[in-house]
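The residues making up each chain are set out below.
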Amino acid sequence: MAWRRRLLILILIMTIVSLVITGITIFILYNVAFQQSEDRLVETVKTQARLIEAIARFDATYSEQDFPGGSVKATLSQIIDAHEHYEGFGRTGEFTLARREGNDIVFLLSHRHEEGKHPKPISFDTDLAEPMRRALSGASGTLIGLDYRGAIVLAAHEPLVDMGWGIVAKIDLAEIREPYVRAGIIAIGWSLFVLLLGVILFLRVINPMVARLEESEERFRQIAETIQEVFWLAAPDWSRVLYISPAYEALWGLSCESLYEDPRSWLEPIVEEDRQKVIDDLNRRSTGQPTPAEFPEYRILRPDGSIRWILTRSFPIRDGNGNVFRIAGLAEDISKRKRAEHGLKRARDELEARVEARTAELSVANESLLAEIEERKSTVRTLRQVRDSLAEAQRVARLGNWDWDIANNKLSWSDEIYRIFGLKVQEFGANYEAFLASVHPDDRQGVQEAVDRALQERIPYSIDHRIVLPDGSERIVHEQAEVTFDEHGKAVHMMGTVQDITERKAVEQELRASQEELRLLSGQLLEAQEQERRRVARELHDGLGQTLSAIKFRIENTIGVLNTEEQAESADALTNLVSMAQQAVEEVRRISKNLWPSILDDLGLLPTISWFCREFGEMYPAMSIEKEIPVEEDDVPGSLKIVIYRILQEAMNNIARHSRANEISLSLNKEDGLLMLTIRDNGVGFDAEQASSPEGIDRGLGLASMKERTELTNGIFMVESLPGEGTRILASWKDT
């Protein structure tokens, strides 16, 4: 059968060579087309760039005053008009013109032959539009990358430095590859078809010869391999071995090929004490001297160190003239017979000695056996006590254990599990399916998935689920278990525990309800607090503030009346009262704004933040404040405006009191559907644990207030700070 394997290998090599040649051809053609496409794109973009520059220079000279919008508008108008009649190149070929506005790439022209859609502006920092980004960065050349659609393209890019524009000519890489992929598939298909046709014709020619050879080979193989003895056929002088059966490798431990290469190598493993007599007998047979069919018995030393006894028989094969021209033989392993003979002799010699020794040992063994029986009885009593203690402990803890023999699908429970499931002891189906029948139908799938993960992914099994008792009532249990695997990685055993946690779950539910009620009450308290602050601020401003202002005006009028020399002293006293009244008015206004800034109701959050930062800067001139607020007023929900203001107010006050910072950055923006408020400082920082200590009580209360306000409005609040590294406060809310 070796020749058949060689034939299959030859066919496989021919197939691989054919496919490789086809692939190389397609690859070379593809590279040539790729280079042509690249050259065409470079030529297109450079030509268009020079043409646009020429038009721009002309318009700068002649159209600056005549065309609305100036020369740049005139140039762009002409380019757009020209490309409306331009059919493009290829199915996905495209010519784009863009400029950078802020951090965005704004497309001025996009001629796409297939789609005709004008792309929207995209961020300059995104991974998309890589060719245009390079053009706007002043780079000229070609690349393979993502365009503004996210498609992989071959693109040539060129900057228009004087105008601040970029030009890109590109084509989808898939369009360049498509014809060569299709051609490659067709070429490979035809190659395989032709090769298959040739193989079929070749096999039809040689199959009859192959069948006859296989039949002869199979007959000889059956004869040689059926017998367990080593069968050999060699020249009379053992100068050449014509055939050796596979049993030689099993008996001698050497390969048949080694014997074909060195016909006398079978003599080397013979034990040195037996080798010479075998060689002498072999020489006699080679010279034609009359010898018996059997060789002398001899031993061989196998490569693994074991020794085998061998009995060999040879039979001469004569030609038509009666001369011996070949010799055939059989070699038989008689090691078992030899061992049996030696063993029988040793057994006879040892039997009598053993009978005497065993008789003496028997009395000693009887005494030891009695002592062992007594010890086992004591062990059984101890185990029973441990079992009873364990059962009592499980009853008190409402915790039971189980054992599942996966291979035999046998499941055993402790007595406590029967009580948890509302069953009598041993009133159970004793298999996994019967256990699942007790699981609540809505939880059954989850239990099965947890068990499957434990069996397949070796993840510990831990789950809470409901069970249905025979009386229809429901209980909640917690189960956890581990799986034992054999050396082949097959799950064979699972052991675990079951605990009744119904009462604990009820307590947890009540606790969650209490927490939710507390959260609602806290939110209502904060809302009432803000409403009261607004009312008090309004009353201070509209009531006390107006009254103090009226007093100030009345005093000023009185001073005007008291202008005579006699009344000068009284006028001076009233002037001092005017200053005190003015200070009282300012203090009332300050308290009113701290309680509730009226600007928040009148103008909105963004002006309020600007006002607050200005007031804070005047109060703490050593601190610089950097603001970044790219959002619009309508981007902030009304319910969050006072929350954001209070968080900002509390954070800035904490910075002023504790941080010793000189730089503060404030940002309010929208990103990935989140409204985020970030406040950073370069101060001394702090340890979060110390914030809750008596020394850090002020900061701890401030952080807790900010966190509570954020979470009550369904937001997320985070504080990042380390000693000496400043502080970062982040509050975020999902965009609704």
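Residues numbered from 1 in each chain as written. Predicted model: local features only at pLDDT ≥ 70, side-chain atom pairs only at ≥ 80, totals over all residues. Heavy atoms only, no water.

Focus on the overall build of the protein
And step 1. In terms of helices and strands, the protein carries 18 helices and 21 strands.
And step 2. Relative to its 736 residues, the protein shows a buried fraction of 35%.
And step 3. Contacts in the protein between residues at least 24 apart in sequence constitute 51% of all its contacts with a sequence separation of at least 6.
And step 4. Here the protein displays about 45100 Å² of accessible surface, and carbon together with sulfur accounts for 55% of that area. (Helix = DSSP H or I, 4+ residues; strand = E, 2+ residues; numbered from the N terminus. Buried < 20%, exposed > 50% of the residue type's maximum accessible area, 1.4 Å probe, protein only. Contact = heavy atoms within 4.5 Å. Areas by Shrake-Rupley, 256 points an atom, 1.4 Å probe, with all protein chains shown as cover.)

Quick look at the sheet that holds strand 14 (residues 461-468)
And step 1. Within the open sheet, the 5 strands sit side by side as 13-12-16-15-14. Their pairing is antiparallel. Because the sheet does not close on itself, it has two edges, and the strands there are strand 13 (410-413) and strand 14. Going across the sheet, the axis of each strand differs from the next one's by a mean of 25 degrees, ignoring polarity.
And step 2. Those strands touched by helix 11 (residues 441-456) are strand 12 (399-405), strand 14, strand 15 (474-485) and strand 16 (491-500), and its axis lies near 155 degrees from that of strand 14. (Pairing = 2+ DSSP bridges. Axes fitted to C-alpha atoms, helices over the stretch in contact; angles between N-to-C directions.)

What to know about the sheet that holds strand 21 (residues 727-734)
And step 1. What the 5 strands build is an open sheet, ordered 17-18-19-21-20; its pairing is mixed. For this open sheet the edge positions go to strand 17 (624-628) and strand 20 (715-721), each flanked by a neighbour on one side alone. Mean inter-strand twist for the sheet, computed between neighbouring axes without regard to direction, equals 10 degrees.
And step 2. With 8 bridges connecting them, strand 19 (residues 674-681) and strand 21 associate as antiparallel partners. Paired with D681 across the two strands is T727, which belongs to strand 21.

As for the pairing of strand 13
Across a regular strand the side chains alternate sides, sitting on one face of the sheet and then on the other.
And step 1. Alternating positions in strand 13 separate cleanly, L411 and W413 being buried on one face and K410 and S412 remaining unburied on the opposite face.
And step 2. Alignment of strand 12 against strand 13, held across 4 bridges, turns out to be antiparallel. By the bridge assignment for strand 13, W404 is matched with L411.
And step 3. Between strand 12 and strand 13, which follow one another and run antiparallel, lie 4 residues, and N409 among them has a positive phi close to 55 degrees.

What to know about the side chain of D274
And step 1. With respect to the element layout, D274 can be found in helix 7 (residues 272-286).
And step 2. In terms of polar contacts, D274 uses its side chain to reach the side chain of R299, at 2.9 Å.
And step 3. Those residues in contact with D274 that sit more than four places away from it in its chain are Y298 and R299. (Polar contact = N/O pair within 3.5 Å; in protein donor to acceptor, adjacent residues only side chain to side chain.)

A few points about the packing of aromatic side chains
The relation between two aromatic rings is expressed through the spacing of the ring centres and the mutual angle of the planes.
And step 1. Throughout the structure, instances matching the rule amount to 9 aromatic pairs.
And step 2. Plain terms: the ring middles of W266 and Y298 are 6.5 Å apart, the flat faces sit at 50 degrees to each other, and that makes the pair tilted. Taken together, the residues W266 in the loop between helix 6 (256-261) and helix 7 and Y298 in strand 9 (residues 298-301) connect sequence positions 32 residues apart.
And step 3. According to the relative accessible area criterion, W266 is buried, its value standing at 6%.
And step 4. Where F616 meets Y620, the ring centres are 4.7 Å apart and the plane angle is 45 degrees; that geometry is what we call tilted.
And step 5. A relative accessible area of 4% places F616 in the buried class.
And step 6. Given a relative accessible area of 27%, Y620 falls into the partly exposed group.
And step 7. Among the aromatic residues, those joined into a cluster by ring pairs are Y248, W252, W266 and Y298. (Phe/Tyr/Trp six-rings, centres within 6.5 Å; stacked < 30°, edge-to-face > 60°.)

What about the environment of I79?
And step 1. Relative to the assigned elements, I79 resides in helix 2 (residues 71-83).
And step 2. Separated by 31 residues in sequence, I79 and Q48 have C-alpha atoms that sit 9.6 Å apart.
And step 3. Those residues within four positions of I79 in sequence are excluded, and the remaining contacts are I52, L97, L109 and W165.

Digging into the confidence of the model for the protein
And step 1. When pLDDT is averaged along the protein, the result is 75, and 72% of the positions lie at 70 or above.
And step 2. Taken as a whole, residues 539-545 scores under 50 in pLDDT and shows 12 contacts with residues more than four places along the chain or in a different chain. (pLDDT = per-residue confidence, 0-100.)

A word on the packing of helix 15 (residues 605-619) against helix 16 (residues 638-659)
And step 1. Running from N to C, helix 15 and helix 16 point in directions that differ by 15 degrees, and their axes come no closer than 10 Å. Between helix 15 and helix 16, the angle is such that the two are roughly parallel. For the pair helix 15 and helix 16, the sense of crossing is right-handed. Along its contact with helix 15, which presents L605, T608, I609, W611, F612 and F616, the element helix 16 presents K641, I644, Y645, L648, Q649, M652 and A656.
And step 2. Tallied by class, the residues present in the contact of helix 15 with helix 16 amount to 10 nonpolar, 2 polar and 1 charged. (Parallel < 35°, antiparallel > 145°, perpendicular 65-115°, else oblique. Left-handed = near helix turned anticlockwise from the far one by under 90°. Nonpolar A, V, L, I, M, F, W, Y, C, P; charged D, E, K, R; others polar.)

Details of the nonpolar core
And step 1. Membership of the largest hydrophobic core comes to 36 residues, with the highest contact counts inside it found for L605, I644, L668, L677, I679 and W733.
And step 2. Residue assignment for this core shows that the elements contributing at least two residues are helix 14 (598-602), helix 15, helix 16, strand 18 (663-671), strand 19, helix 18 (697-712) and strand 21.
And step 3. Here this core takes 10 residues from helix 16, the largest share from any one element.
And step 4. What L677 contacts, discounting residues up to four positions off in sequence, is I644, I647, L666, S667, L668, I729, L730, A731 and W733.
And step 5. By size, the runner-up hydrophobic cluster in this structure holds 28 residues, among which are W413, A454, I463 and L469. (Core = buried A, V, L, I, M, F, W, Y, C linked by side-chain atoms within 4.5 Å.)

Some points on helix 16
And step 1. With 22 residues, helix 16 extends 31 Å between its outermost C-alpha atoms, agreeing within 8% with the 32 Å of an ideal straight helix rising 1.5 Å per residue.
And step 2. Looking one or two residues beyond helix 16, the residue adopting positive phi is R660, at roughly 55 degrees. (Expected span 1.5 Å × (residues − 1).)

A word on the pattern of salt bridges
And step 1. Per the counting criterion, the structure on display carries 24 salt bridges.
And step 2. Salt-bridge contacts for K170 lead to E94; the nearest nitrogen and oxygen are separated by 2.5 Å. Of this pair, K170 sits in strand 6 (residues 165-172) while E94 sits in strand 1 (residues 94-101), and the two are 76 residues apart along the sequence. The two residues K170 and E94 agree in class, both being buried.
And step 3. In this structure, the salt-bridge partner of E297 is K338, at a minimum N-O distance of 2.9 Å. Here K338 lies in helix 8 (residues 335-397) and E297 lies in the loop between helix 7 and strand 9, a separation of 41 residues in the sequence.
And step 4. When its relative accessible area of 27% is taken as the criterion, E297 is described as partly exposed.
And step 5. Three or more residues are tied together by salt bridges with common partners; here these are E94, D147, R149, K170 and D172. (Salt bridge = Lys/Arg side-chain N within 4 Å of Asp/Glu carboxyl O.)

Observations regarding a negative patch on the surface
And step 1. Taken together, the side chains of E249, E257, E261, D262 and E268 make up a negatively charged region of the molecular surface.
And step 2. By the secondary structure assignment, E261 is in helix 6. (Patch = residues over 30% accessible without salt bridge, like charges linked within 9 Å, V, L, I, M, F, W, Y side chains within 5 Å. Lys, Arg positive; Asp, Glu negative; His and termini not counted. Charge placed at Lys NZ, Arg CZ, Asp CG, Glu CD.)

Side note on unusual backbone geometry
Across residues other than glycine, the phi torsion is negative in most instances, and most of the peptide bonds are trans.
And step 1. The backbone phi angle of R660 is positive, close to 55 degrees, even though this residue is not glycine.
And step 2. Of note, R660 is situated in the loop between helix 16 and strand 18.
And step 3. On the accessibility criterion, R660 (69% relative accessible area) is exposed.
And step 4. A positive phi angle is found at N714, which is not glycine, with a value near 65 degrees.
And step 5. Of note, N714 is situated in the loop between helix 18 and strand 20.
And step 6. Its relative accessible area of 64% is what places N714 among the exposed residues.

Re a nonpolar patch on the surface
And step 1. A cluster of nonpolar side chains, L12, I16, V20, I24, F27, I28 and V32, forms an exposed patch at the surface whose accessible area comes to about 640 Å².
And step 2. Relative to the assigned elements, I24 resides in helix 1 (residues 2-62).
And step 3. Here I24 falls in the partly exposed class, since its relative accessible area comes to 45%.

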